Amino acid sequence: GGAYVHRMCALFSPLIGLLRDVNPDSRPLEADDLEPSYLRKELLRGGRIRCDVCGRAGASIGCFICSTKSYHFPCALRAGLVEWHWWHNFGQRVVHCPAHRDPLCQVFWEGD
């Protein structure tokens, strides 16, 4: 059976394997770009983790440094915790908890 996955959640989740390079200039992420075997594992893992912002389950994105805080992508985005390190590994995608946030990184926020 199929599963619905949020595009940005998949992009930032640590266990999701991508079958192509993704950067801000590339085409949007599609279902065919995700490694299927990792996707199921990440759905099971993320379903057991609660978000440190909203408290609901399904928070598959952890702090890149400490991994003790987890988030849904929209919650991390609204909290200003999403970073894209352009200069590292062709654009490393990371989320940091407030204690590890890097003030030198571009943080995305486009509003609700």
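Attention here is on the structure that accompanies the text. (Residues numbered from 1 in each chain as written. Predicted model: local features only at pLDDT ≥ 70, side-chain atom pairs only at ≥ 80, totals over all residues. Heavy atoms only, no water.)

Another aspect to go through is the nonpolar core. Membership of the largest hydrophobic core comes to 18 residues, with the highest contact counts inside it found for Phe12, Tyr71, Phe73, Ala76, Val82 and Val95. Those elements that provide at least two residues to this core are helix 1 (7–12), helix 3 (73–78) and strand 3 (82–85). Per-element tally for this core: the top contributor is helix 3, with four residues. Setting aside its immediate chain neighbours within four residues, Ala76 contacts Tyr71, Leu81, Val82 and Val95. (Core = buried A, V, L, I, M, F, W, Y, C linked by side-chain atoms within 4.5 Å. Buried < 20%, exposed > 50% of the residue type's maximum accessible area, 1.4 Å probe, protein only. Helix = DSSP H or I, 4+ residues; strand = E, 2+ residues; numbered from the N terminus. Contact = heavy atoms within 4.5 Å.)

This part covers unusual backbone geometry. Residue Ser67 is not a glycine yet carries a positive backbone phi of 55 degrees. By the element assignment, Ser67 lies in the loop between strand 1 (61–62) and strand 2 (70–71). Accessibility expressed as a relative area gives 55% for Ser67, which makes it exposed.

Moving on, we come to helix 2 (residues 36–46). Leu39, Glu42 and Gly46 are the residues of helix 2 that are buried. All buried residues of helix 2 fall inside an arc of 70 degrees around its axis, so they share one side. Helix 2 presents Arg40, Lys41 and Leu44 as exposed residues on the side facing more than 90 degrees away from its buried surface. (Arc of directions from axis to C-beta.)

Under the counting rule described, the total for this entry stands at zero disulfides. Lacking any disulfide linkage, Cys63 is separated from the closest cysteine sulfur, that of Cys97, by 3.7 Å. Here Cys66 stays free of any disulfide, with the sulfur of Cys63 as its closest cysteine sulfur at 3.7 Å. (Disulfide = S-S within 2.5 Å.)

On to the side chain of Glu42. The topology assignment puts Glu42 in helix 2. Glu42 sits in the buried class, given a relative accessible area of 4%. Engagement of the side chain of Glu42 in a polar contact is seen with the side chain of Arg45, the distance being 2.7 Å. Setting aside its immediate chain neighbours within four residues, Glu42 contacts Ser13, Pro14, Leu15, Ile16 and Ser60. (Polar contact = N/O pair within 3.5 Å; in protein donor to acceptor, adjacent residues only side chain to side chain.)

The residue Val5 is located in the segment before helix 1 in this model. For Val5, a relative accessible area of 24% puts it in the partly exposed group. Expressed as a C-alpha distance, the spacing of Val5 and Ala31, which sit 26 residues apart in the sequence, is 8.4 Å. Setting aside anything within four residues of it in sequence, one finds Val5 in contact with Ala10, Leu39 and Leu43.

Now for the pattern of salt bridges. Counted according to the given criterion, the structure contains one salt bridge. Among the ionic pairs, Arg45 bridges to Glu42, the shortest N-O distance being 2.7 Å. On the criterion of helical spacing, the pair formed by Arg45 and Glu42 is a turn pair, its members being three residues apart in helix 2. (Salt bridge = Lys/Arg side-chain N within 4 Å of Asp/Glu carboxyl O.)

Note on placement: Asp21 falls in the loop between helix 1 and helix 2. In this structure Asp21 comes out as exposed when scored by relative accessible area, which is 69%. Considering only alpha carbons, one finds Asp21 and Asp33, 12 residues apart in sequence, at a separation of 9.2 Å.

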